[in-house]
Protein chains: 2
Amino acid sequence: MTAPQPTTVSIFIGTSLDGFIARPNGALDFLPPDGGEPHGYNEFIASVDALVIGRNTFETVLAFPKWPYGKKRVIVLSGKPLDFSKVRGGAVEQMSGTPAEIVGKLAATGAHHLYVDGGITIQRFLRAGLVHRLVITRVPVLIGEGVPLFGTLPQDIRLHHVSTQHYPSGLVKSEYEVIR
Amino acid sequence: MTAPQPTTVSIFIGTSLDGFIARPNGALDFLPPDGGEPHGYNEFIASVDALVIGRNTFETVLAFPKWPYGKKRVIVLSGKPLDFSKVRGGAVEQMSGTPAEIVGKLAATGAHHLYVDGGITIQRFLRAGLVHRLVITRVPVLIGEGVPLFGTLPQDIRLHHVSTQHYPSGLVKSEYEVIR
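What counts and how
Residues numbered from 1 in each chain as written. Chains lettered and ligands numbered in written order. Predicted model: local features only at pLDDT ≥ 70, side-chain atom pairs only at ≥ 80, totals over all residues. Heavy atoms only, no water. Buried < 20%, exposed > 50% of the residue type's maximum accessible area, 1.4 Å probe, protein only. Helix = DSSP H or I, 4+ residues; strand = E, 2+ residues; numbered from the N terminus. Arc of directions from axis to C-beta. Pairing = 2+ DSSP bridges. Salt bridge = Lys/Arg side-chain N within 4 Å of Asp/Glu carboxyl O. Phe/Tyr/Trp six-rings, centres within 6.5 Å; stacked < 30°, edge-to-face > 60°. Contact = heavy atoms within 4.5 Å. Buried area = accessible area lost by both parts, 1.4 Å probe. Nonpolar A, V, L, I, M, F, W, Y, C, P; charged D, E, K, R; others polar. 1 Å grid on protein atoms, 1.4 Å probe; cavity = no way out; pocket = protein on both sides within 12 Å on 5 of 7 lines; lining within 4 Å. Points joined across faces, edges and corners; volume = space filled by probe spheres on them. Least-squares fit on C-alpha atoms with pLDDT ≥ 70 in both.

### As for helix 2 (residues 55-62) of chain A
Link 1 in the chain: The complete set of buried residues in helix 2 of chain A reads Thr57(A), Phe58(A), Val61(A) and Leu62(A). For helix 2 of chain A, the angular spread of buried residues about the axis comes to 135°, placing them on one side.

### Quick notes on the sheet that holds strand 6 (residues 113-116) of chain A
Link 1 in the chain: The mixed open sheet is built from 9 strands, whose spatial order is 5(A)-4(A)-3(A)-6(A)-1(A)-7(A)-11(A)-10(A)-8(B). Looking at strand neighbours, the two that pair on one side only are strand 5 (91-95) of chain A together with strand 8 (141-142) of chain B, the edges of this open sheet.

### Observations concerning the pattern of salt bridges
Link 1 in the chain: Overall, the coordinates contain 10 salt bridges over all chains when judged by the stated rule.
Link 2 in the chain: Between Arg23(A) and Asp29(A) there is a salt bridge; the shortest N-O distance is 2.8 Å.
Link 3 in the chain: With relative accessibility at 17%, the residue Arg23(A) sits in the buried group.
Link 4 in the chain: Accessibility expressed as a relative area gives 53% for Asp29(A), which makes it exposed.
Link 5 in the chain: With a shortest N-O distance of 3.3 Å, Glu175(B) and Arg133(B) are connected by a salt bridge. One end of the pair, Glu175(B), is in strand 11 (residues 172-178); the other, Arg133(B), is in strand 7 (residues 133-139), and 42 residues separate them in sequence.
Link 6 in the chain: By relative accessible area, which is 18% here, Glu175(B) ends up buried.

### Description of the packing of aromatic side chains
Residue and element names in this part refer to chain A.
Link 1 in the chain: Enumeration over the complete set of coordinates arrives at 14 aromatic pairs over all chains.
Link 2 in the chain: Between Tyr 41 and Tyr 115 the ring centres are 6.3 Å apart and the planes differ by 70°, which places this aromatic pair in the edge-to-face class. With Tyr 41 in helix 1 (residues 41-46) and Tyr 115 in strand 6, the pair connects residues that are 74 residues apart, well separated along the chain.
Link 3 in the chain: On the basis of relative accessible area, Tyr 115 is assigned to the buried category, the value being 2%.
Link 4 in the chain: Relative to Tyr 115, the ring of Phe 44 has its centre 4.8 Å away and its plane inclined at 85°; by these criteria the two rings are edge-to-face. Here Tyr 115 lies in strand 6 and Phe 44 lies in helix 1, a separation of 71 residues in the sequence. The same class applies to Phe 44 and to Tyr 115, which are both buried.
Link 5 in the chain: Taken together, the aromatic side chains of Phe 12, Tyr 41, Phe 44 and Tyr 115 make up a single cluster linked through ring pairs.

### Concerning the interface of chain B and chain A
Link 1 in the chain: Counting residues at the interface gives 26 residues for chain B, matched by 26 residues for chain A.
Link 2 in the chain: On the chain B side of the contact with chain A, Leu17(B), Leu142(B) and Asp156(B) bury the most area, a combined 25% of that side's loss.
Link 3 in the chain: Residues Arg23(B) and Asp156(A) are paired through a salt bridge, measuring 2.7 Å at the closest nitrogen-oxygen approach.
Link 4 in the chain: Of all the secondary structure elements, the ones that give two or more residues to the side of chain B that touches chain A are strand 7, strand 8, strand 10 (157-166) and strand 11 of chain B.
Link 5 in the chain: For the side of chain B that touches chain A, the element with the highest residue contribution is strand 10 of chain B, accounting for 6 residues.
Link 6 in the chain: Here the side of chain B that touches chain A is composed, by residue class, of 13 nonpolar, 8 polar and 5 charged.
Link 7 in the chain: Sheet analysis places strand 10 (residues 157-166) of chain A next to strand 8 of chain B, joined by 2 bridges and oriented antiparallel. Residue pairing in the sheet places Ile157(A) in a bridge with Leu142(B) of strand 8 of chain B.

### Considering empty space enclosed by the protein
Link 1 in the chain: Enumeration according to the criterion identifies 1 cavity of 30 Å³ or more in this entry.
Link 2 in the chain: Volume-wise, the largest cavity comes out at about 120 Å³.
Link 3 in the chain: Surrounding the largest cavity, Leu17(A), Ile136(A), Arg138(A), Val172(A), Ser174(A), Tyr176(A), Leu17(B), Ile136(B), Arg138(B), Val172(B), Ser174(B) and Tyr176(B) form its lining.
Link 4 in the chain: Mapped onto the lining of the largest cavity, the elements with two or more residues apiece are strand 7 (133-139) and strand 11 (172-178) of chain A together with strand 7 and strand 11 of chain B.
Link 5 in the chain: Taken together, the residues of the lining of the largest cavity sort by class into 8 nonpolar, 2 polar and 2 charged.

### Section: the side chain of Gln123(B)
All names here are of chain B.
Link 1 in the chain: Of note, Gln 123 is situated in helix 4 (residues 119-127).
Link 2 in the chain: Here Gln 123 falls in the buried class, since its relative accessible area comes to 14%.
Link 3 in the chain: For Gln 123, the contacting residues outside a window of four places in its chain are Pro 148, Leu 149, Phe 150 and Gly 151.

### A word on the relation of the copies chain B and chain A
Link 1 in the chain: Turning chain B through 180° and shifting it by 0.0 Å along the axis lays it on chain A, with an RMSD of 0.0 Å. The operation mapping one copy onto its partner corresponds to a two-fold rotation axis. Every residue of chain B has its C-alpha some distance from the rotation axis, and the shortest such distance is that of Gly19(B), at 3.5 Å.
Link 2 in the chain: A share of 100% of interface residues in chain B that are also interface residues in chain A marks the association as one of identical surfaces.

What is shown is where atoms sit, not what they do.
Given below as structure tokens:
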């Protein structure tokens, strides 16, 4: 008998230098077109077993010209009914529950590397102490207001800096591991 | 007759990864002791003609065991009376006015490289479009709430990334120039 495989929860997100992941109306026009030059997203997403997003992010990406997650398994967290009929080609499921319950349900189905995305969902998982790795790419612009990446916490979260890279367009990507 | 020397306004500040420069009560205990390993502050401050701070920052540093700005000329912005009697050894003056007026007054006295510090004062100068250079050092911790570095803006401020360095303790320092 082998020990259960541990789950890793990762965040991989772009923000303005002042820490916003979207404008107040959800617009992402301050991010570089097509995500900017390659900065590791493809390699990251290839390592992920499932994405976990909230209803807001689901509705945002549903309005994109193309479903952005390919065939990757996507979990949308919501306690209310969701309409998946407009998802073209994606593998989408609905779940509800606490972050710990979501991690447990997904581990039981073999998903051990989770990519948590969207402001509210990221904040819920951070508050629950369930995030292991953060990869934050700063876009060189101040937008003044918007949807914040981070929110309140029950206590400090100390981080270990793993690496930082910068790119010709001015993107600065830093990776951190949460210290437990 | 020579053209008037242009003024450069710089910001050089440390923040938590979630963008706070102090805890809600003003505490700075999440910053590394003694400012962390050398990351360019001494070289920066040597290039500065005058510091410009607000009343809050003045009262915070007045409570430090030692006046932190040495003999450097310090301008405290306030429309109300200030008590400078407890400043030991520092060169402190009071001014009031808009950011543009402060820059003009200081230029007239030969101060052409200004270091603007403290959340409210930094935000006022950013909103007035008077900041040229930002050097931001991220400390690897999330604190959840506090005094934010950035605030609302009348419009986006686009930045040119100049350089980024990281340090063994996990500090990540990025320098940006404001694009005009």
